Amino acid sequence: MGIVRFALRFPHTFYVVAALIVFLGGRRVTIYGFEDSPRADSRVFVTHLSPRHHVTRVILISGDREAEVQSLAEKIGIAIALGSKNPEEKVQLVRAEAALAKTVFVGDGINDAPAMQAATVGVAFGHENDITGEAADAVVLERSLEKVDELMHIGRRMRKIALQSAIGGMVLSAAGMALAAIGLLSPIAGAVAQELIDLAAVVNALRVTLPFGTLRDF
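Remember, predicted model here, so these are calculated numbers, not experimental data.

*Asks:* How do you make sense of the pairing of strand 6 (residues 103-107) when you look at a structure like this?
*Replies:* The side chains of a regular strand alternate, residue by residue, between the two faces of the sheet. Most of strand 6 is tucked away: 5 of the 5 residues are buried. A two-sided burial pattern is seen for strand 6, the buried positions comprising Thr 103, Phe 105 and Gly 107 on one face and Val 104 and Val 106 on the other. Traced from strand 6 through helix 5 (residues 113-118) to strand 7 (residues 121-125), the parallel crossover comes out right-handed.

*Asks:* Sorry if this is basic, but what is going on with helix 4 (residues 87-100) here?
*Replies:* For the α-helix, the turn length of 3.6 residues means that residues three or four positions removed from each other point alike. For helix 4, built from 14 residues, the straight-helix expectation of 20 Å at 1.5 Å per residue is met to within 8% by its first-to-last C-alpha distance of 20 Å. For helix 4, every residue scored as buried is listed here: Lys 90, Val 91, Val 94 and Glu 97. Each buried residue of helix 4 sits inside an arc of 135° when the element is viewed along its axis, so together they form one side. Residues of helix 4 that are exposed and point over 90 degrees away from its buried face: Glu 88, Gln 92, Arg 95, Ala 99 and Leu 100. For helix 4, the side-chain oxygen to backbone nitrogen distance between the N-cap and Glu 88 is 3.1 Å, and the N-cap itself is Asn 86.

*Asks:* Is there a simple way to think about the packing of helix 2 (residues 42-53) against helix 7 (residues 145-181) in this case?
*Replies:* For any two helices packed against each other, one specifies the inter-axial angle together with the distance between the axes. Running from amino to carboxyl end, helix 2 crosses helix 7 at an angle of 15°, the nearest separation of the two axes being 10 Å. On the basis of their axis angle, the class for helix 2 and helix 7 is roughly parallel. In this structure, the crossing between helix 2 and helix 7 has a hand that is right-handed. Of helix 7, the residues touching helix 2 (which contributes Ser 42, Phe 45, His 48, Leu 49, Arg 52 and His 53) are Leu 145, Val 148, Asp 149, Met 152, His 153 and Arg 156.

Definitions and cut-offs
- Note that residues are indexed from 1 along each chain, following the sequence as it is written.
- pLDDT decides what is reported in this predicted model: residues at 70 or higher carry local features, side-chain atom pairs at 80 or more are listed and counted, and totals for whole chains, interfaces and linings draw on all residues regardless.
- Excluded from the side-chain calculations are hydrogens and water; all other atoms, namely the structure's heavy atoms, are used.
- Per-residue accessibility, obtained with a 1.4 Å probe over protein chains only, is compared with the maximum for each type, and a residue is labelled buried under 20%, exposed over 50%, and partly exposed between these values.
- Helix and strand assignments come from DSSP, with helices taken as H or I runs of at least 4 residues and strands as E runs of at least 2, each series counted from the N terminus.
- Assignment of crossover handedness uses the view with strands pointing away from the viewer, where a clockwise path from the first strand over the helix to the second indicates a right-handed crossover.
- Here the expected length of a helix is defined as 1.5 Å per residue gap, with one fewer gap than residues.
- Here the arc refers to the directions that run from the helix axis out to each C-beta atom.
- For this analysis, a polar contact is any N or O atom pair within 3.5 Å, provided that within protein one partner can donate a hydrogen and the other can accept it, and provided that sequence-adjacent residues contribute only side-chain to side-chain pairs.
- Every angle, taken between N-to-C directions, lies between 0 and 180 degrees, and every axis is a line fitted to C-alpha atoms, over only the stretch in contact when it is a helix.
- Note on angle classes: values under 35 degrees are labelled roughly parallel, values over 145 roughly antiparallel, values of 65 to 115 roughly perpendicular, and the remainder oblique.
- In this scheme, a crossing is called left-handed if the near helix is turned counterclockwise away from the far one by less than a right angle; it is called right-handed if the turn is clockwise.
- Contact criterion: two residues are considered in contact whenever any of their non-hydrogen atoms come within 4.5 Å of each other.

So, to be careful, I would describe these as geometric facts and stop short of saying anything about function.
Next comes the structure, spelled out in structure tokens:
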């Protein structure tokens, strides 16, 4: 898909953070913080983006507290982590990245919808509400990093096949017109040839529906 920058905002995919506030006699006496370990495949997924999908920059953007976001980023191998960001700030950050290179934004909440639209490609992670789904260019129904990887593989294959059909069809059509211009192709033969070219392009496009190897590489 030509992805070169990746902005991620789906902490629930990687791990879960929770806080417990204890009150005694109406007074707050302490706060306990709890967090799960990141999913086993989180770091592998992040580190494979560069060699396998030519991603040059991965950024973790979240509305969660800065310390929590930084801790998660260190655990899963993300060098740039930005926490305590509201929806407006997310949009500004994504627009700045999209102005430099093609950018993918993956989000899982309503607050991420504006940032999805600001990115080159917006991906909704989990279909929890219609707003997020409508704002995104693609929706990954399952909360699985494998499905995100599958999406990238499918998108790259669809683009390749579409270019083959488009460019191949134009080249063959141009060749047919050149032959007709020098008198080597009659009008009837040219019409038949054009129909065959169109049919070949359609048949090639149908390859998208056929199974092809593995859909993940991490």
